[in-house]
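Each chain is listed here by its residues.
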Amino acid sequence: MPPARKKKIDIIIKSEKVPGAPIPAMVVAEKFQSLQNILYVIGDFLEGKKYHTGGDFPNSVKDRFTLVVRDLKMGSVDANLGLADAQQGLPDQATLGEQAIGLTNEVVHFA
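Residues numbered from 1 in each chain as written. Predicted model: local features only at pLDDT ≥ 70, side-chain atom pairs only at ≥ 80, totals over all residues. Heavy atoms only, no water.

Student: Explain the overall build of the protein chain to me, using residue names and the numbers behind them.
Tutor: When its secondary structure is counted, the protein chain shows three helices and three strands. Start at the N end of the protein chain and walk to the C end: the helices and strands fall as β-α-α-β-β-α. Here the protein chain, with 111 residues, has 29% of them falling under the buried criterion. A separation threshold of at least 6 residues defines the contact pool for the protein chain, and within that pool the share at least 24 residues apart is 52%. (Helix = DSSP H or I, 4+ residues; strand = E, 2+ residues; numbered from the N terminus. Buried < 20%, exposed > 50% of the residue type's maximum accessible area, 1.4 Å probe, protein only. Contact = heavy atoms within 4.5 Å.)

Student: Could you give an account of the pattern of salt bridges, with specific residues and numbers?
Tutor: Going through the model one piece at a time under the given rule, you end up with three salt bridges. One salt bridge in this structure joins Lys49 and Glu47, with 2.6 Å as the shortest N-O distance. In this structure, Glu47 and Arg64 form a salt bridge, with 3.2 Å as the shortest nitrogen-oxygen distance. Here Glu47 is found in the loop between α1 (25-46) and α2 (59-65), whereas its partner Arg64 is found in helix α2, with 17 residues between them in sequence. Among the charged side chains, a network of salt bridges with common partners joins Glu47, Lys49 and Arg64. (Salt bridge = Lys/Arg side-chain N within 4 Å of Asp/Glu carboxyl O.)

Student: Please give an account of α1 that cites residues and values.
Tutor: The first and last C-alpha atoms of α1 sit 31 Å apart over 22 residues, in line with the 32 Å expected at 1.5 Å per residue. Taken together, the buried positions of α1 are Val28, Leu35, Gln36, Leu39, Tyr40, Ile42, Gly43, Asp44 and Leu46. In the segment just after α1, Gly48 is the residue with positive phi, at about 85 degrees. (Expected span 1.5 Å × (residues − 1).)

Student: Describe the side chain of Gln36, and please don't skip the residues or the numbers.
Tutor: The topology assignment puts Gln36 in helix α1. Gln36 sits in the buried class, given a relative accessible area of 9%. Ignoring sequence-local partners within four residues, the contact set of Gln36 consists of Phe65, Thr66 and Leu67.

Student: Residue-level account of the nonpolar core, with values.
Tutor: Counting 18 residues, the largest nonpolar core has Leu39, Leu67 and Leu81 as its most contacted members. Elements with a minimum of two residues in this core: β1 (9-13), α1, α2, β3 (77-83) and α3 (96-110). The leading source of residues in this core is α1, at six residues. With residues near it in sequence (within four places) discarded, Leu39 still touches Phe65, Leu67, Leu83, Ala100, Ile101 and Thr104. (Core = buried A, V, L, I, M, F, W, Y, C linked by side-chain atoms within 4.5 Å.)

Student: Which residues make up the environment of Asn37, and what values do they have?
Tutor: Relative to the assigned elements, Asn37 resides in helix α1. It is 9.3 Å that separates the C-alpha atoms of Asn37 and Phe57, two residues lying 20 residues apart in sequence.

Student: Break down the side chain of Asp44 for me, with residues and values.
Tutor: As for its placement among the helices and strands, Asp44 is situated in helix α1. Comment: no salt bridge for buried Asp44; closest opposite-charge side chain is Lys49, at 5.1 Å. Setting aside residues up to four positions removed in sequence, Asp44 forms contacts with Lys49, Lys50, His52, Phe57, Pro58 and Val61. (Lys, Arg positive; Asp, Glu negative; His and termini not counted.)

What follows is the structure, encoded as structure tokens:
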């Protein structure tokens, strides 16, 4: 995976029916929430925890894998998201956060 995609998720939300049409805030919130949930599930997996079907995610997962908006452009919605936790890793080895973002990008792009 190219290094530029290891630490961020770029998301663009736009109307496919009417180009340039306004996007409801609820749609944006739902997309961000879905992306956050995918990242938490992958973070759970990378931390070696078993998949659970209910309840909240552990604090360790929330601390490491919470998305934050790094850049937001006007228009439809064009956002650059990253992790709140600035994880450090060894050279040439991806941190758990970078692995989670890489896997999330794969899941979202292939879905």
